[in-house]
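# Structure assessment
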Amino acid sequence: MQVLNIDIEGAQTASSAGRSAPKTHPKTHPETHPAPEAGLSGCAFLLGQDFGEITKTYTATLAQFATCDLTQAIPDDGHETAPQAGRLFGVFPFDRTDQGHLYRLSPKATPAQVAADEAVSHSLTRLPETQGFGASVDAVAQKINAGDGGLKKVVLARSLVYDTDAPIDPVQVALRLSADRHVTSYCVPLPGESAAPRWLVGATPELLLSKQGAAIRSHPLAGSARRQSDASADAAVGQALLTSEKDNIEHRVVVEYIHDVLTPYCRSLKVPDQPQLDRTATMWHLGTAISGVLKEADTPVLALLRDLHPTPAVAGFPLAAALAQIDAQEPFARDFYAGTLGWLDGDNNGAWHVTLRCAVIAQHSAQLFAGAGIVGASKAADEIAETRAKFGAMRLALGICERL
Ligand SMILES: C=C(O[C@H]1C=CC=C(C(=O)O)[C@@H]1O)C(=O)O
């Protein structure tokens, strides 16, 4: 096993906020191209109930971390009672060949929540324009129907960039998002070239993988519908989702993929035949509660993540063909959107979520991301509406309320 020698304070060099800029995929190797210090020490970090200040940043790819001996990096504060004692927190991008970060935290009391301004003044850029996204959906659905390259599913995303008059407080946005008890909210500083960090802020409903001893769990989501304010209309929309053939196809692809990746690691693996209905405050989803027992309890959680990420809940199937479509159709870099974030400890345990329903916030701008799984039966108008609904929670937390 490789010894951890990638102790680089905030090493990401080539990342940008995405925007209309060329797609940038930093692929610098940490040992050959050490990057400048990005000064994340002292920055706030929030994941669910855990809040703290960053004291150290380690940077490498998921595959590199998965084969590193992380014992020197994991804080030896087992005597502490704070939930984050003895843990490293981390975030990895969508592209598994790009670098992610593991952070050590010093615990802090969570700040008080402040309400969003009701009408934040802003300008909006859509990437791509709504019609362009619809055209991509149609083009990909056609390829799937033609059986092109065995393509079964592609998750296509679009992005909204808001430039605001007033500065945005990323921690406050995350705290507002945490009012929904069905999601895990987060606020993660990202190293970059400028003095002020960019922040990845969001509230994810999807558990990629948790591991405690030999016990593992995954709760993939795929198949979505917007929640309704009227209770009976809301229940009807949920039931329609549960029986929708198109959404069940979209969902099954993800469940089968996770089953196939985890099976070689497991002594037993329970995968329900049918999905259940899961909810957030704004969305219904099809979800499947997968649980298993590992053959080897000391399998590092990062080794499992390295093999799982990205699942067809955010990429598609088969993976290489889906990634090629994403690259061809999306006019922005996903960077950390649709990646994974979570924590690990010295006993190889951890809990990692899919980085969804998020924005990259930099002072006066917020770039939001939302995607939808495309299968042969997908219709452009429905996928536009689904992604619009998925932007809802973040727009509300930012105080941006006009209809899209
Ligand atoms: C890709 C996203 O959602 C995924 C998770 C839940 C439901 C999904 C869907 O119905 O397409 C997506 O697979 C996103 O929110 O950006």
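Keep in mind that this is a model prediction, so the values were computed, not measured. (Residues numbered from 1 in each chain as written. Predicted model: local features only at pLDDT ≥ 70, side-chain atom pairs only at ≥ 80, totals over all residues. Heavy atoms only, no water.)

So, about the pattern of salt bridges. Opposite charge on two side chains allows them to pair when their charged atoms are near. Under the defined criterion, the tally for this structure stands at 11 salt bridges. For Glu386, the salt bridge identified is with Lys390, shortest N-O distance 2.8 Å. Of this pair, Glu386 and Lys390 both sit in helix α8 (residues 380-398), four residues apart, which is roughly one turn of that helix. You'll find Glu386 and Lys390 in the same group, each marked buried. The network of salt bridges with shared partners includes Lys246, Asp247, Glu250 and Glu383. (Salt bridge = Lys/Arg side-chain N within 4 Å of Asp/Glu carboxyl O. Helix = DSSP H or I, 4+ residues; strand = E, 2+ residues; numbered from the N terminus. Buried < 20%, exposed > 50% of the residue type's maximum accessible area, 1.4 Å probe, protein only.)

Leu102 and Leu302 are the most contacted members of the largest nonpolar core, which has 106 residues in total. Not counting residues within four places of it along the chain, the set of residues in contact with Leu302 comprises Leu62, Phe65, Ala66, Leu70, Phe92, Leu102, Leu344 and Trp352. (Core = buried A, V, L, I, M, F, W, Y, C linked by side-chain atoms within 4.5 Å. Contact = heavy atoms within 4.5 Å.)

This paragraph deals with the state of the cysteines. Here a disulfide denotes a covalent bond joining the sulfur atom of one cysteine to the sulfur atom of another. On inspection of all chains with the given rule, the structure shows zero disulfides. Here Cys43 stays unpaired: no disulfide links it, and the sulfur of Cys187, its closest cysteine neighbor, is 9.3 Å away. (Disulfide = S-S within 2.5 Å.)

The next thing to look at is the layout of surface pockets. Leftover empty space is mapped by rolling, across the atoms, a probe with the size of a water molecule. Within this model, the largest pocket holds a volume of roughly 350 Å³. Forming the boundary of the largest pocket are 20 residues, of which Leu47, Gly48, Gln49, Asp50 and Thr184 lie nearest the centre. Elements with a minimum of two residues in the lining of the largest pocket: β2 (44-47), β3 (50-61), α3 (170-177), β9 (184-190) and β20 (350-354). Here the residues of the lining of the largest pocket are counted per class, giving nine nonpolar, seven polar and four charged. (1 Å grid on protein atoms, 1.4 Å probe; cavity = no way out; pocket = protein on both sides within 12 Å on 5 of 7 lines; lining within 4 Å. Points joined across faces, edges and corners; volume = space filled by probe spheres on them. Nonpolar A, V, L, I, M, F, W, Y, C, P; charged D, E, K, R; others polar.)

We now examine the packing of helix α2 (residues 130-145) against α8. Their axes nearest at 8 Å, the elements α2 and α8 cross at an angle of 125 degrees. Taken as axis vectors, α2 and α8 run oblique relative to one another. Every pair of crossing elements has a handedness; the one defined by α2 and α8 is right-handed. Only Ala380, Glu383, Ile384, Thr387 and Arg388 of α8 make contact with α2, whose side of the interface consists of Thr130, Phe133, Gly134, Val137 and Asp138. For the contact of α2 with α8, the residue count by class is four nonpolar, three polar and three charged. (Axes fitted to C-alpha atoms, helices over the stretch in contact; angles between N-to-C directions. Parallel < 35°, antiparallel > 145°, perpendicular 65-115°, else oblique. Left-handed = near helix turned anticlockwise from the far one by under 90°.)

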